[in-house]
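# Survey of secondary and tertiary structure
Next come the chains, spelled out residue by residue.
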Amino acid sequence: MKTLPAVDVVIVGGGWTGLLMAKELGSRSRLSIAVLERGKPREAGEYAGTMDELDYAVRLRMMQDLSQETVTVRHDSTQRALPIRQYGSFLPGTGVGGAGEHWNGITPRLLPDSFELLSRTVEKYGARRLPADHSIQNWAVTYDEMEPYYVRAERMLGISGKAGNINGKKIDGGNIFEGWRSADYPTPPTKIPYFSALFSDAAKALGYHPYPSPAANLSEPYTNPDGISRSACFYCGFCERFGCMVGAKAQPTNTLLPLIQERKNISIRSGASVRRVVCDTAGKKNIARGVTYFDEKGEEVFQPAELIVMASWSLNNTRLLLLSAIGEPYDVESGKGTVGRNLTHQISVGAATAFFEKPLNRFMGSGAAGVSISDFDGDVFDHSKLAFLGGGHLVAMSPGYRPIANFGAVPPSVKAAWGSAWKKAALESYDRTGIILFGGEHLAYKNNYMDLDPTYKDRFGDPLLRFTINWGDNERKMVEFMTLKAVELARAMGGKEVISFPGLKNYDANRYQSTHIQGGTIMGTSPDHSVVNSYLQHWQVPNLFVLGASTIPQNPSAHPTLTILALTYRTADAIVSRYLKSPSLLV
Amino acid sequence: MVCCCAMRRREFLTLSATSIGGMLVYSLDRKPFRLFAQTEHSLRIPLRFFTQSEALTVAAAASRIFPDDETGPGAQEAGVAVYIDRQLAGPWGRDRHRYTQGPFEEHAPAEFGYQGKATPRQIYRDGLKDLKDFDQLPSVEQDNKLRQIETTLFFSLLRRNTIEGMFSDPVHGGNIDMVGWQLIGYPGPRMSNYADVDKHFGEAFRPKPVSLRDTSEDNSLRPSEDEE
């Protein structure tokens with residue numbers, strides 16, 4: 001195997017967290033940095049002519065190629081897992097920019113309680129209320145510590161929204177249940193399309209507190225503190241699964257890549273599939289020496305580095321640690337080991353599908369344009385008499401509905417699924433159907449985890465990552481409760497016929513849910529129950545950092561991207577101000 | 001592979017072109033050109049995967065799923081069979097991007113997704129064997145036939161592909177002249193709705209549809225079915 005000239009920092013993965021870390025370290029130091037991205041190179045301006053629902057939203061042109069690698073799934077540890085052969089419950093991105101290129105741009109902060117879920121729940125309801133098989137734990141940071149980093153992430157992205165709590169003062173029209181913020185959003189909320197406006201009115205009439213969803217899709221032109229200017233959103237309706245044609249949606253290629261390309265000390269190598277982090281455990285201290293990878297020509301090389309940053313999303317971060325035999329894999333029987341534990345996947349269901357009298361013009365919108373309520377989020381509402389803990393948001397998104405995905409829904413009174421009767425009803429319903437989504441939290445359980453699959457392999461012959469995952473009663477009861485609320489809202493909006501979500505059964509790997517998978521390399525206050533410390537630094541290997549949603553101890557209902565960017569800023573600060581001066585454990 | 005394609009080009013599907021202004025097909029060197037009706041009421045489209053008789057069956061079956069009736073044109077008019085032919089000939093049809101390593105658990109619960117070994121091409125080839133001379137039958141009998149196979153994987157694929165062929169951009173061979181989009185008032189890849197997104201509440205706003213070919217250079221379009 002060829003050994004390449006050493007670099008100071010190697011970053012595995014060229015998505016949001018990897019490129020943010022590259023930009024932060026590269027512009028604040030003279031370190032030589034190599035970003036290894038297994039997908040293709042990408043430029044911000046390459047999305048002209050890509051508003052093609054079939055190729056991008058149905059054939060999923062921007063996603064990882066499953067013929068090369070996938071994950072296997074089972075519901076409990078007695079079953080044999082099966083591979084996800086075609087995309088279902090989540091959609092991992094690939095290429096420079098990663099999934100940050102084709103996200104929707106919904107960017108809420110997490111509730112303060114989320115960071116201390118275990119202690120706050122026990123404090124209020126007692127330990128007996130926790131599910132018997134839970135593995136919920138506190139994060140290693142609090143909301144108050146995160147606040148300044150949230151501000152930085154919001155300003156970098158230019159988030160459009162309406163604050164609901166500035167320094168403790170509640171503001172009508174924003175999310176009054178959110179944690180305090182030291183500053184308002186950088187740009188005003190996006191426009192509100194008809195369906196979302198109907199929801200807003202109905203929610204108000206029912207006594208709830210609707211607010212415009214915070215969006216990384218700009219409501220007006222904006223220049224961020226790094227000097228990056230982007231234009232306002234056109235509401236063309238091609239966000240999720242697409243790159244933005246006008247650069248209004250914040251993407252790594254239009255916010256970070258231009259800055260990285262100006263720096264001579266940062267290089268991005270695409271087509272580089274990292275296979276192992278090489279760790280030296282012979283001496284007294286564990287030290288990561290570098291990574292091995294297959295380059296774009298298919299040659300395996302060793303890249304030595306002083307500092308290694310893993311930034312390749314929950315699945316690959318976890319798998320790479322397992323394949324590299326770094327840390328102790330989680331063992332479900334004994335409960336020992338940490339790598340792979342606390343796998344969670346944000347609940348996302350179409351809680352109520354409503355059929356309206358009037359057309360909605362729902363082709364117009366943007367990935368994050370919408371109105372939400374958080375009246376049933378976290379512990380905003382009292383759970384003493386409820387059969388579940390936690391909650392989430394109900395939202396009427398107007399993402400721009402496209403016809404292949406959405407044609408064919410008919411009211412329950414129509415029984416046909418093809419032929420003239422179906423066609424007539426589907427044509428009538430096409431622009432009169434609206435969906436109220438519920439996005440809810442998934443608690444961490446001892447039996448939900450990731451490990452290596454004993455049967456199925458990737459293209460290199462390495463074992464695939466295996467999910468053992470299912471819903472608990474808590475999630476099923478929560479969804480039941482929220483479905484009733486959604487149906488009530490749909491009726492108040494004027495829905496003539498309403499289909500309610502039939503309920504969560506087993507984890508469904510075939511139904512798209514969200515690409516918000518957490519856990520595997522979680523953070524914590526002790527190496528006994530976590531892989532990384534609050535600076536996302538590996539407990540046993542101090543020159544190894546792990547970024548992204550894999551470090552989140554349990555799913556917190558809100559979308560995680562803003563939070564993982566804020567965490568990345570926090571880690572970058574700690575590396576620049578402390579670690580580089582004295583490379584050792586920061587905690 | 002090359003030999004196989006060369007043979008296939010001898011197969012054609014003849015479509016009624018009374019309501020069609022012309023459609024885009026590809027010449028042997030894959031340069032797009034616009035094809036207009038060659039005789040007064042029909043045009044002959046070279047097939048990439050189906051035999052002529054398979055294409056006629058698929059066209060007839062898609063027309064029962066999405067018929068031409070008093071609510072407007074259907075799958076025949078949109079060229080759905082041409083769309084499906086191209087999809088099957090392309091990477092999707094041969095599972096180019098699906099995880100296809102065994103072992104296969106053919107009868108896994110639905111929540112694991114399709115776990116079978118057969119590619120879309122094989123599913124179509126096998127499924128079409130049960131629909132011999134389908135296009136010759138009266139429509140009532142065609143519907144009976146389809147009802148018998150309603151729960152098969154083949155039928156669910158055919159139904160899904162029919163919707164795709166009705167509503168995907170015309171660059172993929174279906175939705176000829178944006179006939180599907182006109183049925184539902186979908187304007188296609190319209191660049192900006194900035195001035196309209198928060199207006200027209202409660203009333204239909206139906207801008208004239210545009211297709212990718214209207215908004216982009218032909219030579220910049222790379223439909224996935226033309227990839228390796």
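Placed above this text is the structure.
Since the structure is predicted, the reported quantities are computational estimates derived from the model, not experimental observations.

Secondary structure summary: chain B contains nine helices and four strands in total. Helices and strands in chain B line up, N terminus first, as α-β-β-β-β-α-α-α-α-α-α-α-α. Taking the intrachain contacts of chain B between residues at least 6 apart in sequence as the baseline, contacts between residues at least 24 apart amount to 65%. A total accessible area of about 10800 Å² is found for chain B, and carbon and sulfur atoms account for 52% of it.

Note on strand geometry: in a regular strand, side chains alternate between the two faces of the sheet. Both strand β20 (residues 449-457) of chain A and strand β21 (residues 463-468) of chain A contribute to a ladder of five bridges, which runs antiparallel. Across the sheet, M450(A) pairs through a bridge with F467(A), a residue of β21(A).

Core analysis: the largest hydrophobic core is formed by 137 residues, its most contacted members being I436(A) and F467(A). Among the elements that take part in this core, helix α12 (residues 561-579) of chain A stands out by supplying 11 residues, more than any other. Contacts of F467(A), omitting those with residues within four sequence positions, involve V71(A), T72(A), V73(A), R74(A), F90(A), L315(A), L343(A), Y449(A), M450(A) and I517(A). Within the second largest apolar cluster, 70 residues are counted, among which are A57(A), L88(B), F155(B) and W181(B).

Side chains of F234(A), M191(B) and Y194(B) sit close together on the surface and give an oily, nonpolar patch of about 240 Å² of accessible area. Here Y194(B) shows up in the loop between α8 (179-184) and α9 (212-215).

It is worth spelling out the sheet that holds strand β17 (residues 365-373) of chain A at this point. All names here are of chain A. One open sheet accounts for six strands, arranged β8-β17-β18-β19-β16-β22; its pairing is antiparallel. Bordering the open sheet on either side are β8 (211-212) and β22 (497-500), each of which pairs with just one other strand. With four bridges joining them, strand β18 (residues 392-399) and strand β19 (residues 433-440) adopt antiparallel strand pairing. Across the sheet, the residue bridging to G392 is G440, located in β19. Sheet strands touched by helix α11 (residues 473-492): β16 (347-355), β17, β18, β19 and β22. Its angle to β16, the strand with the most contacts, is close to 25 degrees.

Let us now look at the pattern of salt bridges. Counted by the stated rule, this structure contains 39 salt bridges over all chains. Notably, a salt bridge pairs R59(A) with E164(B), separated by 3.0 Å at the nearest N-O pair. Taken together, the residues R59(A) in the loop between α2 (53-58) and β4 (71-74) and E164(B) in helix α7 (residues 153-167) connect one chain to another. Side by side, R59(A) and E164(B) carry an identical accessibility label, which is buried.

A word on the state of the cysteines. Residues and elements named next belong to chain A. Across all of its chains, the model carries zero disulfides over all chains by this definition. C244 takes part in no disulfide bond, and the closest cysteine sulfur to it belongs to C239, at a distance of 6.2 Å. Residue classification places C244 among the buried positions, given a relative accessible area of 13%.

Looking now at unusual backbone geometry. All names here are of chain B. A cis amide bond links G102 with the next residue in sequence, P103, at an omega value of 0 degrees. One can find P103 in the loop between α4 (80-89) and α5 (120-129). Unlike most non-glycine residues, N175 shows phi in positive territory, near 45 degrees. Topologically, N175 is positioned in the loop between α7 and α8. For N175, a relative accessible area of 0% gives the class buried.

Glancing now at the interface of chain A and chain B. Opposite the 66 residues of chain A that make contact, chain B presents 77 residues. Summed over both partners, the interface of chain A with chain B buries about 5800 Å², with 59% contributed by carbon and sulfur atoms. Here chain A and chain B share seven salt bridges between them. A salt bridge links K423(A) to D69(B); its shortest N-O distance comes to 2.9 Å. For the pair chain A and chain B, the number of links is 42 residue pairs in polar contact (both at pLDDT 80 or more). Taken together, the elements giving at least two residues each to the side of chain A that touches chain B come down to α2, β4, β5 (82-83), α5 (194-205), α9 (403-406), α10 (420-429) and β20 of chain A. At five residues, the largest contribution of residues to the side of chain A that touches chain B is made by α10(A). When grouped by side-chain class, the residues that make up the side of chain A that touches chain B number 35 nonpolar, 13 polar and 18 charged.

Locating T190(A) in the fold gives a position in the loop between β7 (169-170) and α5. T190(A) gets classed as buried once you look at its relative accessible area, which sits at 5%.

All names here are of chain A. Under the definition given, this model contains six cavities of 30 Å³ or more. There is about 160 Å³ of room inside the largest cavity. Along its surface, the largest cavity is lined by 16 residues, and Q64, E69, V71, P92 and L315 are the ones closest to its centre. Tallying contributions element by element places helix α8 (residues 313-323) first for the lining of the largest cavity, with four residues. For the lining of the largest cavity, a count of residues per class yields nine nonpolar, four polar and three charged. Approximately 100 Å³ is the volume attributed to the second largest cavity. For the lining of the second largest cavity, the residue count by class is 10 nonpolar, four polar and one charged.

Reading the values: the criteria
Each chain carries its own residue numbering, running from 1 in the written order of its sequence. Throughout, the order in which chains and ligands are written sets their labels, letters from A for the former and numbers from 1 for the latter. In keeping with the predicted nature of the model, local features appear solely for residues at pLDDT of at least 70, side-chain atom pairs appear and are counted solely at 80 or more, and the whole-chain, interface and lining totals rest on all residues. To obtain the side-chain values, all non-hydrogen atoms of the structure were used and water was disregarded. Strands here mean DSSP runs of E at least two residues long; helices mean DSSP runs of H or I at least four residues long; both are numbered from the N terminus. Any two residues whose heavy atoms approach within 4.5 Å are treated as being in contact. Per-residue and other accessible areas were derived by the Shrake-Rupley procedure at a 1.4 Å probe size, with only the shown protein chains allowed to occlude residues. Strands are treated as partners if at least two bridges between them are detected by DSSP. As used here, the term nonpolar core means buried Ala, Val, Leu, Ile, Met, Phe, Trp, Tyr and Cys residues forming a set that is joined through side-chain atoms within 4.5 Å. Only protein chains enter the accessibility calculation, which uses a 1.4 Å probe; a residue whose area is less than 20% of its type maximum is buried, one above 50% is exposed, and one in between is partly exposed. Residues with no salt bridge and a relative accessible area higher than 30% make up the patches, which join like charges within 9 Å and nonpolar side chains (Val, Leu, Ile, Met, Phe, Trp, Tyr) within 5 Å. Every case where a carboxyl oxygen of Asp or Glu lies within 4 Å of a side-chain nitrogen of Lys or Arg is listed as a salt bridge. Where helices are involved, their axes are fitted lines through C-alpha atoms of the stretch in contact, as for all axes, and angles between N-to-C directions lie from 0 to 180°. Here, a disulfide means two cysteine sulfur atoms that sit within 2.5 Å of each other. By buried area we mean the combined loss of accessible area, with a 1.4 Å probe, across both parts when two parts are placed together. We define a polar contact as two N or O atoms separated by no more than 3.5 Å, with the added condition that, inside protein, one atom must be a possible hydrogen donor and the other a possible acceptor, whereas residues neighbouring each other in sequence contribute only through side-chain atom pairs. Three residue categories are used. Nonpolar comprises Ala, Val, Leu, Ile, Met, Phe, Trp, Tyr, Cys and Pro, charged comprises Asp, Glu, Lys and Arg, and polar comprises the others, including Gly. Cavities and pockets were defined on a 1 Å grid built from protein atoms only: a cavity is a group of points that admits a 1.4 Å probe but offers it no way out, a pocket is an open group of points flanked by protein on both sides within 12 Å along at least five of seven lines, and a lining residue is one with an atom within 4 Å of any such point. Grid points are joined across faces, edges and corners, and a volume is the space filled by probe spheres set on the points.

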